[in-house]
Amino acid sequence: EAGVTQFPSHSVIEKGQTVTLRCDPISGHDNLYWYRRVMGKEIKFLLHFVKESKQDESGMPNNRFLAERTGGTYSTLKVQPAELEDSGVYFCASSPGLGGGETQYFGPGTRLLVL
Amino acid sequence: RKEVEQDPGPFNVPEGATVAFNCTYSNSASQSFFWYRQDCRKEPKLLMSVYSSGNEDGRFTAQLNRASQYISLLIRDSKLSDSATYLCVVRDTGNQFYFGTGTSLTVIP
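Calculation rules
Residues numbered from 1 in each chain as written. Chains lettered and ligands numbered in written order. Predicted model: local features only at pLDDT ≥ 70, side-chain atom pairs only at ≥ 80, totals over all residues. Heavy atoms only, no water. Helix = DSSP H or I, 4+ residues; strand = E, 2+ residues; numbered from the N terminus. Salt bridge = Lys/Arg side-chain N within 4 Å of Asp/Glu carboxyl O. Buried < 20%, exposed > 50% of the residue type's maximum accessible area, 1.4 Å probe, protein only. Contact = heavy atoms within 4.5 Å. Buried area = accessible area lost by both parts, 1.4 Å probe. Core = buried A, V, L, I, M, F, W, Y, C linked by side-chain atoms within 4.5 Å. Pairing = 2+ DSSP bridges. Axes fitted to C-alpha atoms, helices over the stretch in contact; angles between N-to-C directions. Phe/Tyr/Trp six-rings, centres within 6.5 Å; stacked < 30°, edge-to-face > 60°. Lys NZ or Arg CZ within 6 Å of the ring centre and 35° of its normal.

Asker: Any chance you could explain unusual backbone geometry here in plain terms?
Answerer: The amide bond that connects Gln80 of chain A to the next residue, Pro81 of chain A, takes the cis arrangement and shows omega of -10 degrees. The amide bond that connects Gly9 of chain B to the next residue, Pro10 of chain B, takes the cis arrangement and shows omega of 10 degrees. As for its placement among the helices and strands, Pro10 of chain B is situated in the loop between strand 1 (4-6) and strand 2 (11-14).

Following this line, the structure appears as structure tokens:
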């Protein structure tokens, strides 16, 4: 079974540019989560989808971040315009059930560097 | 105050040693508890869930103390392959997951 995949693996952009990250969860997983790890800090929750609906987006830093999950399959996270402090590793995770309390399977992450 | 706190280490132990990590959490209403393992520049992977009764998986034992709000992980007979960062993860009532900063373990030959 294919795991969670993320694209791109790395992205280097300049401040003010736009970047879109993609996550493909494990097939059939209703729950999809986005997390971010800033250097030296812990992994922090950004938001949670159940199918195509945003269940919780309380962790989104500001309105420069926009996440979508059209059709309830893959998800995108767009940062526009990017700022220096957005640099970090963005992880996506998925889990099977509607309850959302089950094991999360993480993707390899996208390493974003904003210059 | 952070939701989840861990001693970052590093812990450097010889092969065969027993090592223990602790983690504390701030929300007494937290629902679920986990230990994840993260290798360098890789994604976190579930090591084990932690139950109130304690649970064991081979050389790994996890325990939860709700009264004191801490979680522990014990690794017996350490192997070189156990070298990694161990993340304590807690799920709250709102279904958000909170991560500790991780504890770094290096097992030395």
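We are not done yet, so read on.
Asker: Looking at this structure, I do not really get the pattern of salt bridges. What am I missing?
Answerer: Think of it this way: side chains of opposite charge can pair up when their charged atoms draw near. For the structure on display, the rule yields 11 salt bridges over all chains. For Arg64 of chain A, the salt bridge goes to Glu85 of chain A, with nearest N and O atoms at 4.0 Å. Taken together, the positions of Arg64 of chain A in the loop between strand 6 (53-56) and strand 7 (65-68) and Glu85 of chain A in the loop between strand 8 (75-79) and strand 9 (88-95) put the pair 21 residues apart, joining distant regions of the chain. For Arg64 of chain A, a relative accessible area of 13% translates into the label buried. Residue Arg37 of chain B pairs with Asp39 of chain B through a salt bridge whose shortest N-O separation is 2.9 Å. Judged by its relative accessible area of 19%, Arg37 of chain B is buried. Salt bridges sharing partners connect three or more residues here, namely Arg36, Arg64, Glu85 and Asp86 of chain A.

Asker: Honestly, the interface of chain A and chain B in this entry has me stumped. Any pointers?
Answerer: It is common to report an interface's size as the accessible area lost on association of the parts. Each partner contributes to the interface: chain A provides 22 residues, whereas chain B provides 18 residues. Contact between chain A and chain B buries roughly 1600 Å² in total, counting both sides, with carbon and sulfur atoms accounting for 51%. When the area that chain A buries against chain B is broken down by residue, the three leading residues are Glu42, Ile43 and Phe106 of chain A, summing to 30%. At the surface where chain A touches chain B, the tally comes to 1 salt bridge. Lys2 of chain B is paired through a salt bridge with Glu42 of chain A; the nearest N and O atoms lie 3.8 Å apart.

Asker: What's the story with the nonpolar core in this structure? I'm lost.
Answerer: Proteins that are soluble and globular tend to have nonpolar side chains buried together. Residues and elements named next belong to chain B. Phe21, Trp35, Ile71, Leu73, Ile75, Tyr86 and Leu105 are the most contacted members of the largest nonpolar core, which totals 23 residues. Among the secondary structure elements, those contributing two or more residues to this core are strand 3 (19-25), strand 4 (32-38), strand 5 (44-50), strand 7 (60-65), strand 8 (70-75), strand 9 (84-91) and strand 11 (103-108). Ignoring anything within four residues of it in the chain, the contact list for Leu73 reads Val19, Ala20, Phe21, Trp35, Leu47, Met48, Phe60, Thr61 and Tyr86.

Asker: Explanation requested: the sheet that holds strand 1 (residues 5-7) of chain A in the structure shown.
Answerer: Pairing between the strands of a sheet comes from backbone hydrogen bonds, and it takes one of two forms, parallel or antiparallel. Residue and element names in this part refer to chain A. The 4 strands lie next to each other as 1-3-8-7, forming an open sheet whose pairing is antiparallel. Two strands bound the open sheet, and with one partner strand each, they are strand 1 and strand 7. In this sheet, neighbouring strand axes are inclined to one another by 15 degrees on average, regardless of whether the strands run parallel or antiparallel. Both strand 1 and strand 3 (residues 19-24) contribute to a ladder of 3 bridges, which runs antiparallel. What sits directly across from Thr5, in strand 3, is Asp24.

Asker: What's the story with the pairing of strand 8 of chain A in this structure? I'm lost.
Answerer: Regular strands have side chains that alternate between both faces of the sheet. All names here are of chain A. With 4 of 5 residues buried, strand 8 is to be regarded as a mostly interior element. Pairing of strand 3 with strand 8, which is carried by 5 bridges, proceeds in the antiparallel orientation. By the bridge assignment for strand 8, Leu21 is matched with Leu77. Pairing between strand 7 and strand 8: 4 bridges, direction antiparallel. Across the sheet, residue Glu68 finds its bridge partner in strand 8, namely Thr76.

Asker: What is the right way to look at the packing of aromatic side chains in this model?
Answerer: Two descriptors summarise a pair of aromatic rings, namely the distance from one centre to the other and the angle between the planes of the rings. A complete count under the given rule lists 14 aromatic pairs over all chains for this structure. An angle of 80 degrees between the planes, with centres 6.2 Å apart, marks the rings of Phe91 of chain A and Phe106 of chain A as edge-to-face. Pair noted here: Phe91 of chain A is in strand 9 and Phe106 of chain A is in strand 10 (residues 105-106), with a separation of 15 residues, a long-range link. Across the pair, exposure class does not vary: Phe91 of chain A and Phe106 of chain A are buried alike. With 6.0 Å between their ring centres and 35 degrees between their planes, Phe34 of chain B and Phe97 of chain B make a pair best called tilted. With Phe34 of chain B in strand 4 and Phe97 of chain B in strand 10 (residues 97-99), the pair connects residues that are 63 residues apart, well separated along the chain. The two residues Phe34 of chain B and Phe97 of chain B agree in class, both being buried. An aromatic cluster of at least three residues, connected via ring pairs, comprises Tyr33, Tyr35, Phe45, Phe91 and Phe106 of chain A together with Phe34, Tyr36, Phe97 and Phe99 of chain B. Taking the ring centre of Tyr74 of chain A as reference, the NZ or CZ of Arg22 of chain A above it sits at 3.7 Å.

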